[in-house]
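# Observations on the three-dimensional arrangement
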Amino acid sequence: MSQSGAKARFGSTELTGAQARTLARAVRLEKITLGVLAVTVAVVALVAGQSQAMKVAWIEDSLSFLPPLAFLVAVRVAGRRPTPRHPYGYHRSVGVGHLVAAVALLAMGAFLVVDSGSGLLRGERPPIGVTNLFGTPVWSGWLMVAAMTLTSIPPVVLGRMKMRLAEELHDKVLYADADMNKADWMTGLATAVGVLGIGMGLWWADAVAALVVSASILKDGATNLKGAVADLVDSRPTTYDDAAPHPLLQEMETVLRQQPWVQDVGVRVRDEGHVFHVEAFVVPAEGVVPTLEQLAAARKRCADLDWKIEDVVLAPVTELPEDQVPR
């Protein structure tokens, strides 16, 4: 993400050499993903025929452009320094990108579920004919199965690679993309099974496969929408995969409680995208008035816990504001 030799950064936070390399790998992987998707969409379109499952698989592959594009745009915007108009920086671009991708997935998933389900209820029987391949007649279904099998391999590999980088960067858009990549083999398998089912005379297999893939898209959209909205409305920060509260919250409270002049601590944190903004309310021990040096030292200890902690505001108070600090 460095430009003209400048250091890689998220807003005011300069990344270390290792983190900058991780970010560069993530950007490179997303660009590779876009190239792979372009080839995949073209191949699936060539062999789709009249299969409902193939049509849905093609739409799903087309939708897969959204997360990597959202990641690339968000990373570029989040690298801007804070301005008077945007004093907290542009970190929320990550959440906005996450929200846009999630809404698109949810809307398209809902449409495809209805479309596939209605096709099943109407008893549609898609014809899969024979094509001439190098002078030899070949059932088109074999080409569909081969295309779906081959195009399912790269997303699995790319998804596993992105998953590790998403954790290092605390990037939920990258994680959402990795999660979709990891699940893409299910789309390929379901579609291939649906096509083979038609070949075996099971007319409903294609529509059922399309319905399974559509439901998967709908689920991805709903899951990502829930996570994106939760982050944008300042819910408690979680790990990159939304599996649990982020451990840094407890670590910051522990660090502050270890200060000899501190009696009680309450911490609230905003997840801005890649970095955290921290507000810590500190009750000094009875009879103790913390000096500026003590406050600065405590603030530095919190900031030194992790690169993701960009801003730390310490507020000495006589008692914790219970309506503002979660307990």
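Residues numbered from 1 in each chain as written. Predicted model: local features only at pLDDT ≥ 70, side-chain atom pairs only at ≥ 80, totals over all residues. Heavy atoms only, no water.

## Considering the nonpolar core
- Of all hydrophobic cores here, the largest spans 24 residues; its most connected members are Phe10, Leu15, Leu23, Ala26, Phe71, Leu169 and Leu174.
- Broken down by secondary-structure element, the contributors of at least two residues to this core are helix 1 (17-47), helix 3 (66-78), helix 6 (153-169) and helix 7 (172-199).
- With 5 residues, helix 6 is the largest single contributor of residues to this core.
- Membership of the second largest hydrophobic core comes to 20 residues, among which are Val255, Val278, Ala280 and Leu295. (Core = buried A, V, L, I, M, F, W, Y, C linked by side-chain atoms within 4.5 Å. Buried < 20%, exposed > 50% of the residue type's maximum accessible area, 1.4 Å probe, protein only. Helix = DSSP H or I, 4+ residues; strand = E, 2+ residues; numbered from the N terminus.)

## With respect to the environment of Ser51
- Here Ser51 is to be found in the loop between helix 1 and helix 2 (52-63).
- Judged by its relative accessible area of 2%, Ser51 is buried.
- The spacing of Ser51 and Gly141 is 90 residues in sequence and 9.2 Å in space, taken between C-alpha atoms.

## Some thoughts on the sheet that holds strand 6 (residues 276-284)
- Across the sheet, which stays open at both edges, the 3 strands sit in the order 5-6-7 with mixed pairing between neighbours. Looking along the sheet, the strands with just one partner apiece sit at the ends: strand 5 (262-271) and strand 7 (309-316). Taken pair by pair, the neighbouring strands of this sheet meet at an average axis angle of 20 degrees, ignoring direction.
- As defined by bridge partners, strand 5 adjoins strand 6 across 9 bridges and the pair is classed as antiparallel. (Pairing = 2+ DSSP bridges. Axes fitted to C-alpha atoms, helices over the stretch in contact; angles between N-to-C directions.)

## Some details on helix 9 (residues 247-257)
- Leu248, Leu249, Met252, Glu253, Val255 and Leu256 are the residues of helix 9 that are buried. The buried residues of helix 9 occupy an angular sector of 160 degrees when the element is viewed end-on, so they sit on one face.
- Residues of helix 9 that are buried sit in contact with strand 5, strand 6, helix 10 (292-303) and strand 7. (Arc of directions from axis to C-beta. Contact = heavy atoms within 4.5 Å.)

## A few points about the domain arrangement of the chain
- Each assigned domain of the chain is listed with its residue range as follows: domain 1 (9-233) and domain 2 (247-316).
- Here domain 1 and domain 2 have C-alpha centroids that lie 40 Å from each other.
- In this complex, domain 1 contributes 18 residues to the contact, which on the side of domain 2 involves 11 residues.
- Across the interface of domain 1 and domain 2, roughly 1,400 Å² is buried in total on both sides, 53% from carbon and sulfur atoms.
- Among the residues domain 1 hides against domain 2, the three largest losses belong to Tyr88, His91 and His170. Together they make up 41% of the total.
- Where domain 1 packs against domain 2, one counts 2 salt bridges.
- Residue Glu272 is joined to Arg92 by a salt bridge in which the shortest nitrogen-to-oxygen separation is 3.3 Å.
- Applying the counting criterion to the domain 1 and domain 2 interface returns 6 residue pairs in polar contact (both at pLDDT 80 or more).
- Elements that contribute at least two residues to the side of domain 1 that touches domain 2 include exactly helix 3 and helix 6. (Domains from an automatic or database assignment. Buried area = accessible area lost by both parts, 1.4 Å probe. Salt bridge = Lys/Arg side-chain N within 4 Å of Asp/Glu carboxyl O. Polar contact = N/O pair within 3.5 Å; in protein donor to acceptor, adjacent residues only side chain to side chain.)

## Some remarks on unusual backbone geometry
- The backbone of His170 sits at a positive phi, close to 50 degrees, despite the residue not being glycine.
- Along the chain, His170 falls in the loop between helix 6 and helix 7.
- Residues other than glycine seldom take positive phi values, yet Asp242 does so here, at roughly 60 degrees.
- For Asp242, the location among the structural elements is in the loop between helix 8 (205-232) and helix 9.

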